[in-house]
Amino acid sequence: MSDPSIRKIVIVGGGTAGWMAAAPLAQRFAQAGQGACEIVLIESPDIGTIGVGEATLPPIRAYNQTLGLDGAEFVKRTQGSFKLGIEFRDWGHVGNRFFHGFGDFGPAIDTRAPWQHWLSLQRQVDGLPSYEDWSTPTVMARRNRFTPPEGGAPSAANAYSFAYHFDAGLYAACLREYAMARGAQRIEGLIVNVELRPDDGFVAAVKLEDGRRIDGDLFIDCSGFRALLIGGAMQSPFEDWSALLPCNSAQAVPSERVEPLTPYTMSTAKAAGWQWRIPLQHRTGNGHVYCSHFISDDEAASTLLAGLDSKALDAPRQLRFTTGRRKQGWVKNVVAIGLASGFLEPLESTSIQLIMDGVGRLIQFFPDQQFKPHLAAEFNRRMALQYESIRDFIVLHYKLTDRRDAELWRYCAAMPIPDTLAHQIELFRSAGRVAILDPDGFAEPSWVSLFFGLGLRPESYDPFVDHIDAQALLQHFVRLRQAITQTVSGMPEHGDYVARHVKAPSA
Ligand code: FAD
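Notes on the structure in this doc start here. These numbers come from a predicted model, not from an experiment.

### A few points about unusual backbone geometry
Here is step 1: Of note, the amide linkage connecting E259 to P260 takes the cis form, showing an omega dihedral of -5°.
Here is step 2: Of note in this structure, S349 is not a glycine but carries a positive phi near 55°.
Here is step 3: Within the element layout of this structure, S349 appears in the loop between strand 21 (342–343) and helix 9 (351–364).

### Remarks on the side chain of S310
Here is step 1: Positionally, S310 belongs in the loop between helix 8 (297–306) and strand 17 (317–320).
Here is step 2: Owing to a relative accessible area of 16%, S310 belongs among the buried residues under this scheme.
Here is step 3: A distance of 2.7 Å separates polar atoms of two side chains, one belonging to S310 and the other to S255.
Here is step 4: Reaching out from S310, the side chain makes a polar contact with the backbone oxygen of E256 at a distance of 2.6 Å.
Here is step 5: When residues no more than four places from it in sequence are discounted, the contact partners of S310 are S255, E256, V258 and T284.

### Notes on the nonpolar core
Here is step 1: Judged by nonpolar contacts, the single largest core of 134 residues is most densely connected at I9, W91 and Y398.
Here is step 2: For this core, the element with the most residues is helix 10 (residues 373–399), which contributes 10 residues.
Here is step 3: Beyond its immediate sequence surroundings of up to four residues, I9 is in contact with L25, F29, C37, E38, I39, V40, L218, I220 and F366.

### Some remarks on the pairing of strand 9 (residues 203–208)
Here is step 1: Of all the 6 residues making up strand 9, 5 are buried; the element is thus mostly covered by neighbouring parts of the structure.
Here is step 2: Direction of pairing for strand 8 (residues 191–196) relative to strand 9: antiparallel, over a ladder of 5 bridges. Looking across to strand 9, one finds that V194 is bridged to V206.
Here is step 3: What sits between strand 8 and strand 9 in their antiparallel hairpin is a turn of 6 residues, with G201 showing a positive phi close to 75°.
Here is step 4: Two elements, strand 9 and strand 10 (residues 213–215), share 3 bridges in a ladder whose sense is antiparallel. Note on strand 10: the bridge partner recorded for A205 is D215.
Here is step 5: As consecutive antiparallel partners, strand 9 and strand 10 are separated by 4 residues, and within that stretch G211 has a phi angle of approximately 100°, a positive value.

### Points about the site of the ligand
Here is step 1: Near the ligand you find 34 residues, and of these G14, V52, A55, I191 and I352 are the closest.
Here is step 2: G48 places a main-chain nitrogen or oxygen 3.5 Å from an oxygen atom of the ligand.
Here is step 3: In this structure, an oxygen atom belonging to the ligand sits 3.5 Å away from a main-chain N or O atom of C222.
Here is step 4: In isolation the ligand has 1,000 Å² of accessible area, and contact with the protein removes 97% of it.
Here is step 5: For the shell around the ligand, the secondary structure elements donating two or more residues are helix 1 (16–32) and helix 9.
Here is step 6: At 3 residues, the largest contribution of residues to the shell around the ligand is made by helix 9.

### Some thoughts on empty space enclosed by the protein
Empty space among the atoms becomes apparent when a probe as large as a water molecule is rolled across them.
Here is step 1: The full count for this structure, using the stated rule, is 3 cavities of 30 Å³ or more.
Here is step 2: Within the residue set of the lining of the largest cavity, elements represented by two or more residues are strand 18 (324–326) and helix 10.
Here is step 3: The leading source of residues in the lining of the largest cavity is helix 10, at 5 residues.
Here is step 4: Its residues assigned to classes, the lining of the largest cavity comprises 5 nonpolar, 4 polar and 3 charged.
Here is step 5: Here the second largest cavity is characterised by a volume of approximately 40 Å³.
Here is step 6: The set of elements that each furnish at least two residues to the lining of the second largest cavity consists of strand 21 and helix 9.
Here is step 7: The biggest single contributor to the lining of the second largest cavity is helix 9, with 3 residues.
Here is step 8: When grouped by side-chain class, the residues that make up the lining of the second largest cavity number 6 nonpolar, 3 polar and no charged.

### Brief notes about the pairing of strand 5 (residues 97–101)
Here is step 1: Within strand 5, 4 of the 5 residues are buried, leaving the element largely enclosed by the surrounding structure.
Here is step 2: As judged from the 5 bridges shared by strand 4 (residues 85–89) and strand 5, these two strands associate in the antiparallel manner. Pairing of G85 across the sheet is with G101, part of strand 5.

Rules used throughout
- Residues numbered from 1 in each chain as written.
- Predicted model: local features only at pLDDT ≥ 70, side-chain atom pairs only at ≥ 80, totals over all residues.
- Heavy atoms only, no water.
- Helix = DSSP H or I, 4+ residues; strand = E, 2+ residues; numbered from the N terminus.
- Buried < 20%, exposed > 50% of the residue type's maximum accessible area, 1.4 Å probe, protein only.
- Polar contact = N/O pair within 3.5 Å; in protein donor to acceptor, adjacent residues only side chain to side chain.
- Contact = heavy atoms within 4.5 Å.
- Core = buried A, V, L, I, M, F, W, Y, C linked by side-chain atoms within 4.5 Å.
- Pairing = 2+ DSSP bridges.
- Near = heavy atom within 4 Å.
- Areas by Shrake-Rupley, 256 points an atom, 1.4 Å probe, with all protein chains shown as cover.
- 1 Å grid on protein atoms, 1.4 Å probe; cavity = no way out; pocket = protein on both sides within 12 Å on 5 of 7 lines; lining within 4 Å.
- Points joined across faces, edges and corners; volume = space filled by probe spheres on them.
- Nonpolar A, V, L, I, M, F, W, Y, C, P; charged D, E, K, R; others polar.

Here it is, written out as C-alpha cells:
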C-alpha cells in the first residue's frame, strides 16, 4: 500500500452527533492542507434528526474552545443559557429536593475532601447547616445567580464550573457551518443499501435512493437509533439495559420562556418516570421520560402538560428508545458515534458528552487504511467503561430512593443492580468512600451529591479528618460559608447576565 492514510471519511447522519464529528475532523484536515482527507456527510431530510438534547456537561466548553468557537457568540446563536447543575425534586422521596452542582463542596482541607470534614463536624456540632451551603454552584443556583468563574487561587469565587443549555438544532447548524467552511461536503439523500468489500467485509460504499454510490475509507455511523452501519451492516450486537433503566419513552414539548431564567436543569420524579425542564432564551424545553409499562402515552402527555410552568407552544411529541449500548462501537472501518452507539436516558445530560468523548477517542486512535485491530479494541474498551460507569450513575438515582408509591419505584427497589454499582453503594454506605472506576466519568463530588441528596449517610468516614481540631474546623466552615454567601450576593442574576453578555438576536 503506497499511501496508507485515510483519504475519505463518510459520516452517515447529520444530527448533533454527525456534525459534532464532522467539525473537529474538518478542522484537523483543513490544517493538514488541501485535499488531505475528504469529509462527506450524508443526511436525509425525510428521516430528520431526533430534535432533543439541549442540556450539556462542562466539557462541552473545551470541545467548543478546541474548535475556536467564541463562547459568547455560540450562546447567542443557539439561544443558550448557562447551567450550573441539575436540581432534583421528589427523587429520594416525595418532597425531597437537592442539587447536583458542577463543583466541590469547598477546597480540600489538609488534603482531605471537604465533605469528609463536614461529616465529622456533623457528628460534633448540633444544627450544622446542610453540606449544600458549601457548594458554590448550589448557592448560586438557589439564588439564580450566574457569572463565569474567575481564575487564580482556589476560592469561593471560582469553586464551580458550568455547562450550557442550547437549542440542539441551532447547535448542529453552527457546527455544520463550521465544518463546511473547512471543506466538509454535505449530501442530502436516503441511504438504502450498504456495499461490503467481498474480501474482508469492510464497508466499501453506501448507496442512495436516487442511485448515487458514495464510497469511502472510514465510515462514521451517526444515523441515530437506526444504527444503519454498526447495527445493520456490521451486526454489532446491542446490549439491552432496560432491566436496569426501564424508562423507554419520552414526550417532549416546548413552552414559553419563564422568568426568572434559571441557571440549571430541573428534574422532577413522577409516578412512572421523571420530567425535565431546560430554560433557553426563546423558550423552555420540557419532557417527560417514562416507562410505558407503567403509564399510557396519553397519561404521560397529560402529566407532562400538567407539570409545565408556562404555556405549551406545541403538542407533545412522542419518542421511543431502548437503553443500552452496542457491544462494539468500532467494527472494521465503521465507528459509531451518538445514538447509533447506544443510549442512556437523559437524566444527567450524558449523551452529548458521550458523542464528544467518542469523537475525541476516534481522533486519538485515528487509524490508517490498515485499521490495526488494537486501535478499535482500545476505543471499544474505553467506550465500554464510560457507558457502564454512566449507567451505574444513572441507575443510582432510581435505586437509592425510599419511594415506593408507584409501580416503577417498587420495581426499581427490587431490581438487581450491577456488581460495580453495588460495590459503589456499599463502599459509601459503610466507609464513606467513593470508587472512581472511569477516570473520564463523573468525579467524586458528583457521586457524593447523589448519595447525600438521596439521603444516604455513611456509617463512618475518612479517619484522617479527625486529626483536626473541631473548633478550628468549625470556624473554617463558618468563614467559608460567609465567603460563598458574600461572593454569590455580588453576582448578577442569570437572566441579567444573559441579557447583557449573550442575548440572542431574537430573544
Ligand atoms: P439523530 O439526531 O437521530 O440523527 C440521525 C441522523 O441520521 C439524521 O440526520 C438522519 O437524517 C440520518 N439518517 C438516519 N437514517 C438515514 C438514512 N437511511 N439515510 C440517510 N440519513 C439517515 N443528550 C444530551 O446530551 N442532553 C440532553 O438533554 C438530552 N436529552 C434527550 C432527551 C431524549 C428524550 C432523548 C431521546 C435524547 C436526549 N439526548 C440528550 C440525546 C441527544 O438527543 C442525542 O445524543 C443527540 O441528539 C445525537 O443524536 P444523533 O445525531 O446520534 O441522532
